Amino acid sequence: TTVFVSGATGFIAQHVVKSLLGKGYKVVGSVRSASKGDHLKGLLNSNDFSYEIVEDVEKVGAFDKALEAHPEVSVFLHTASPFHFKTSNPEKDLLNPAINGTKNALNAIQAHGKNVKRVVITSSYAAIATSTKEIDNTHTFTEKSWNEVTWEQATKDPVAGYRGSKTFAEKAAWEFLELQKPDFELAVVNPSFVFGPQAFDSEVKDSLNTSSEIINAILKNGPDADVPASKGGFVDVRDVAAAHIVAFEKKEAVNQRLILNAGRFAGQDILDILNESFPELKGKIPVGKPGIGPSITSTLAKVDNSKTIEILGFDLIGLKKTVVDSVKQILDSKK
Ligand code: NDP
């Protein structure tokens, strides 16, 4: 079986590709340049991996050539989407690439992927949770919940822009399914903040992908920095990779949205784990107010993803392990 993975160089996608190869799948990854493709090929060190260049997922027909070249592809995992907040124009830099990238992928599959039977789209918890409800602890989100962010809100600031980009892109995928009635079946994964080690130690850089940088920044900002304001749900990247595979392997996942969320965290919880687990960080990172994390996360909405957990059939890695494994890799890389 050959699996196509868009955005193969990404933090999550590298784990997905590595897991697929480990399970005996052949993988075709899309990357933005030959140098990025060669770099990834070197890391993976496998003849079962090849790449196609898709410089920009937003361009009309972006995936057509890549799929034409690989009629053997029977599973398509669409992970490529911008995840950053460095923009003054969320419509141009976040919304349009996410939405058009998704439409281009699905159109290419429809036109050129005659053997594609299963498609998985990497959406986000951002497409599930409306921000005003996220801070209401009487509210419960489930796999049926949709972020009610409007286009107007999404064009106004980068955070709403990113959340809108994931919401509208996922909606476009389900609409495509309804209108085009394609031959393939769809499943969607909706991860909350993804933590955990990079797929390869050598991928640890000064600055990491947006979610990993939440933890990395603590190590860089010194003991007098503010306690990280981030709070929300988390999931380990290794579980996210495994879930992408379940999403196309299992019949039960067809037409489902899988909320990948192992629990809640506040910045203080991360500090507490680091201060307890890494004596060498004493005096180098903030202490904050140890133990108050739960009083912060208790103000957040509940997440009921029991349906997802049943479909996945495995236990999700907890906060301590995901944080410790992330930081251990970063500290080791500096030795
Ligand atoms: P990364 O930034 O590491 O990966 C994003 C990937 O998409 C990169 O390979 C990037 O290529 C590619 N990409 C972005 N924009 C374009 C474009 N216009 N054309 C072609 N390729 C593009 O982030 P993650 O691995 O964290 O994210 C992967 C997916 O998971 C995204 O869809 C994201 O929204 C989703 N997600 C992530 C979460 C997290 O906490 N990490 C949580 C929930 C969902 P390049 O680097 O070369 O620019």
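Here is a short report on the structure shown in this document. (Residues numbered from 1 in each chain as written. Predicted model: local features only at pLDDT ≥ 70, side-chain atom pairs only at ≥ 80, totals over all residues. Heavy atoms only, no water.)

## Observations regarding the packing of helix H1 (residues 11-22) against helix H9 (residues 237-249)
Piece 1. Their axes nearest at 8 Å, the elements H1 and H9 cross at an angle of 60 degrees. What the angle tells us is that H1 and H9 run oblique. In the crossing of H1 with H9, the sense of the turn from one axis to the other is right-handed. On H9, the residues touching Phe11, Ile12, His15, Val16, Ser19 and Leu20 of H1 are Val237, Arg238, Val240, Ala241, His244, Ile245 and Phe248.
Piece 2. Tallied by class, residues from the contact of H1 with H9 come to nine nonpolar, three polar and one charged. (Axes fitted to C-alpha atoms, helices over the stretch in contact; angles between N-to-C directions. Helix = DSSP H or I, 4+ residues; strand = E, 2+ residues; numbered from the N terminus. Parallel < 35°, antiparallel > 145°, perpendicular 65-115°, else oblique. Left-handed = near helix turned anticlockwise from the far one by under 90°. Contact = heavy atoms within 4.5 Å. Nonpolar A, V, L, I, M, F, W, Y, C, P; charged D, E, K, R; others polar.)

## As for the nonpolar core
Piece 1. Membership of the largest hydrophobic core comes to 40 residues, with the highest contact counts inside it found for Val3, Val5, Val17, Leu20, Leu77, Phe248 and Leu260.
Piece 2. Among the elements that make up this core, the one with the highest residue count is H9 (eight residues).
Piece 3. Within the second largest apolar cluster, 25 residues are counted, among which are Ala105, Ala173, Phe176 and Leu186. (Core = buried A, V, L, I, M, F, W, Y, C linked by side-chain atoms within 4.5 Å. Buried < 20%, exposed > 50% of the residue type's maximum accessible area, 1.4 Å probe, protein only.)

## A look at helix H8 (residues 210-220)
Piece 1. Burial of H8 is extensive: nine of the eleven residues sit out of reach of the surface.
Piece 2. Those residues of H8 that fall on the buried side of the exposure criterion are Ser211, Ser212, Glu213, Ile214, Ile215, Asn216, Ala217, Ile218 and Leu219.
Piece 3. Once H8 finishes, glycine 222 follows within two positions and takes phi at roughly 80 degrees, a positive value.

## A look at the sheet that holds strand E8 (residues 193-195)
Piece 1. Across the sheet, three strands lie side by side as E8-E9-E11; this open sheet has mixed pairing. Looking at strand neighbours, the two that pair on one side only are E8 and strand E11 (263-266), the edges of this open sheet. For this sheet the average axis-to-axis angle between neighbouring strands, irrespective of direction, equals 50 degrees.
Piece 2. Strand direction decides the pairing type here: strand E9 (residues 231-236) and E11, joined by four bridges, are antiparallel. Pairing of glycine 233 across the sheet is with arginine 264, part of E11.
Piece 3. On top of the sheet, helix H10 (residues 267-277) reaches E8 and E11; it is set at about 80 degrees to E11, its chief contact. (Pairing = 2+ DSSP bridges.)

## Side note on the site of the ligand
Piece 1. Taken together, 26 residues surround the ligand, and among them Ile12, Lys36, Thr79, Tyr162 and Lys166 come closest.
Piece 2. At a separation of 2.9 Å, an oxygen atom of the ligand approaches a polar side-chain atom of threonine 9.
Piece 3. At a separation of 2.9 Å, a nitrogen atom of the ligand approaches a polar backbone atom of valine 57.
Piece 4. Going through the elements one at a time, H1, helix H7 (158-180) and E8 are the ones with two or more residues in the shell around the ligand.
Piece 5. A per-class count over the shell around the ligand returns ten nonpolar, eleven polar and five charged. (Near = heavy atom within 4 Å. Polar contact = N/O pair within 3.5 Å; in protein donor to acceptor, adjacent residues only side chain to side chain.)

## Quick look at the pairing of strand E3 (residues 49-53)
Piece 1. Here strand E2 (residues 26-31) pairs with E3 via five bridges, running parallel. Note on E3: the bridge partner recorded for serine 30 is glutamate 52.
Piece 2. Between the parallel pair E2 and E3, the chain is carried across by helix H2 (residues 34-44), and the sense of this crossover is right-handed. (Right-handed = clockwise from strand over helix to strand, strands pointing away.)

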